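Listed below, chain by chain, are the residues.
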Amino acid sequence: MSAITLTNVSRWFGNVVAANDVTMEIGPGITGLLGPNGAGKTTLISMMGGFLAPSAGTVLLDGVPTWRNPEIYRTVGIVPETEAAYDMMTGWQFVLANALLHELEYPETAATAAIEAVDMATAQGRAIGTYSKGMKQRIKMATSLVHQPSVLLLDEPFSGMDPRQRLHLMDLLRSLAADGKTILFSSHILEEVEVVADTIEVMVAGRHAASGDFRKIRRLMTERPHRYTVRSSDNRALAAAIIAEGSANAVSLAPDRVDVEASDFGSFVHALPRLAHKAKIRLLDVTPADESLESVFSYLVAR
Amino acid sequence: MNLVIMRLTARSLLGRRRVVLLSLLPGVLLLVAAATRWGSDADPWATAHMLHNFAMSTILPLVCLIIGTGAIGPEIEDGSIVYLLAKPISRTTIALSKLVVAVTTALAMGAVPIALAGAVSGDWHWKLTLAYGVASALGAVAYTTVFFTLAILTRNAIISGLIYALLWEGVIGGYVPGVRVLSIRQWILAPAEEIAAPQASTWGVSSQVGLSTGLLLLVVTTILAAAFAARRLQTISVRGSE
């Protein structure tokens, strides 16, 4: 059982602040590091993996600093975001080389087991350069598992995977977590994180915005005001009906559309078709106005 | 030293297509040497001239630049160096293992062909072969180490290296005497001048620095560069594209 502890960690590059006073503890189980692109996820993972010095604060693995300490790599396995691997080698050679670099007692056995775990045995004889993105991701995963680390850091591990590969990786992460390993992965997709993570840490613009289990964060995200733009055959009548129905807390009428702000995501979405049908109004277009992840996150930060 | 790292480095340095391209430089040198012999009737003066103005000033720094930077630069550039760094191996071992492979390759692709070129082009009692063989071997070690370190320091290592080798040593060194003293080429020519004596001045084998000064500066520069490379690798920052 291992834990990574970040205490008041900041990291800046020139005058760009990539991580701003972050304090968190990553313990056994699966933790999802969620945030939009550029939120500082990679910076945090780099610092946890000992590839980047914190500008301020401490990053400890079981009480020992990760920076300038290659001994941590006996405990930590890292799946980097970079797609570049040693393309001219076969998957088997690459995983075996990693096992040899770890100076394992039985490198062949360890490499075979790691390749089995990621389901790449059939393609292990091919050069990495010929692999698809998902296969590369899995062979990278194998290199990080070869020494059976108790901490696994994965930077955007699901990117480029098809749904089947995604499910397979999720199963693999779950079984590793069941063995008591500490697993942290980053992602900018909420659905991905909530399916597999026990704990979620949300990063927005370098700040640690929220922390906890996914239900709590999901609620925070869905209970914020939702804005919609609606076009219909009779905007004025529709606006009146929405107001009367009561699931929206603000309605404004523009010449060609109705702008609605609903406090409860679920009830407005269910009510709208029903009341349009009753008033015999045809809905032409319903568009959520600010569903981008960034706006969801910035709402969280503003709270 | 770590054998796995050395094998990986040799593999990426001498990949199938790379080794063909890399052999072009010594290949051209040997062709020029043969042509020189044919054109000058194996005159040692012509050999010395060819080695001095072509082999030592162009081929050797270029070979060392390609090999020295190629041994680590691409891995830093694309981030795959992470696979080496994320291992319980000291960064000094990583740096030195790679450097040893680079220097060995540079000796084989730079120093050996230059000595051969001396013999092919026309020599007198193996004097020039030995003189330039020793000089280019010392050069292979010093240039490769410096360019290797440069590749860890900056992503523009090839451009910086070219500016150093061609502009500083070649052009500026031709006009400003002080600059000549501060260039690896002059330091490695000092032992060549000593070996080629007493014919050195007839053949035009000359260095701006004395033998002991040249050797001392070579040793100090090489050791400092290697130590700096190992040190920088300890604190190298590896980040994704974010």
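The residue count restarts for each chain, going from 1 along the sequence in the order it is written. Each chain gets a letter, beginning with A, and each ligand a number, beginning with 1, in the order they are written. pLDDT decides what is reported in this predicted model: residues at 70 or higher carry local features, side-chain atom pairs at 80 or more are listed and counted, and totals for whole chains, interfaces and linings draw on all residues regardless. Heavy atoms throughout the structure, all of them, feed into the side-chain values; hydrogens and water do not.

Enquirer: How would you sum up a nonpolar patch on the surface? Please name residues and give values.
Expert: Residue and element names in this part refer to chain B. Patch membership is restricted to residues that have no salt bridge and whose relative accessible area is over 30%. Joining uses 9 Å for like charges and 5 Å for the nonpolar side chains Val, Leu, Ile, Met, Phe, Trp and Tyr. To be clear on the numbers: accessible area is Shrake-Rupley with a 1.4 Å probe, and residue cover counts the displayed protein chains and nothing else. One side-chain nitrogen of Lys or Arg within 4 Å of one carboxyl oxygen of Asp or Glu is enough to make a salt bridge. On the surface, Ile 159, Ile 163, Leu 167, Trp 168, Val 171, Ile 172, Tyr 175, Val 176 and Leu 182 cluster together into a nonpolar patch covering about 850 Å² of accessible area. Tracing the sequence through the fold places Tyr 175 in helix 8 (residues 157–175). The classification of residues rests on relative accessible area computed with a 1.4 Å probe and restricted to protein chains. Under 20% of the type maximum is buried, over 50% is exposed, and intermediate values are partly exposed. On the accessibility criterion, Tyr 175 (68% relative accessible area) is exposed. Only DSSP runs of H or I reaching four residues or more are called helices, and only runs of E reaching two or more are called strands; each is numbered from the N terminus.

Enquirer: Break down the sheet that holds strand 8 (residues 182–187) of chain A for me, with residues and values.
Expert: All names here are of chain A. Whether two strands pair depends on DSSP finding at least two bridges between them. In spatial order, the strands read 6-7-8-3-9-10; together these six strands make up an open sheet with mixed pairing. What marks the edges here is a single partner per strand, and that holds for strand 6 (76–79) and strand 10 (207–212). Along the sheet, successive strands turn relative to each other by an average axial angle of 15°, direction set aside. Bridging between strand 3 (residues 29–34) and strand 8 involves six bridges; their strand directions are parallel. Angular values range over 0 to 180 degrees, each being the angle between N-to-C directions of two axes fitted as lines to C-alpha atoms, with helices fitted over their stretch in contact.

Enquirer: Break down the interface of chain A and chain B for me, with residues and values.
Expert: Interfaces are often described in size by the accessible area the parts lose on coming together. Taken together, the 36 residues of chain A in the interface contact 29 residues of chain B. As used here, buried area is the combined drop in accessible area, with a 1.4 Å probe, of two parts when they are placed together. Among the residues chain A hides against chain B, the three largest losses belong to Phe 51, Tyr 86 and Leu 101 of chain A. Together they make up 27% of the total. Connecting chain A to chain B are zero salt bridges. Polar contact is the term for a pair of N or O atoms within 3.5 Å; when the atoms are in protein, one must be able to donate a hydrogen and the other to accept it, and sequence-neighboring residues count only if both atoms are side-chain atoms. Here chain A is connected to chain B by five residue pairs in polar contact (both at pLDDT 80 or more). Among the elements of the structure, helix 1 (41–48), helix 2 (91–101) and helix 4 (133–145) of chain A are those that each provide at least two residues to the side of chain A that touches chain B. Looking at the side of chain A that touches chain B, the element that brings in the most residues is helix 2 of chain A, giving six residues. Under the scheme applied, nonpolar residues are Ala, Val, Leu, Ile, Met, Phe, Trp, Tyr, Cys and Pro; charged residues are Asp, Glu, Lys and Arg; polar residues are all the others, including Gly. Among the residues making up the side of chain A that touches chain B, the classes are represented as 18 nonpolar, 11 polar and seven charged. Only heavy atoms enter the contact rule, under which two residues are in contact if any of them lie within 4.5 Å.

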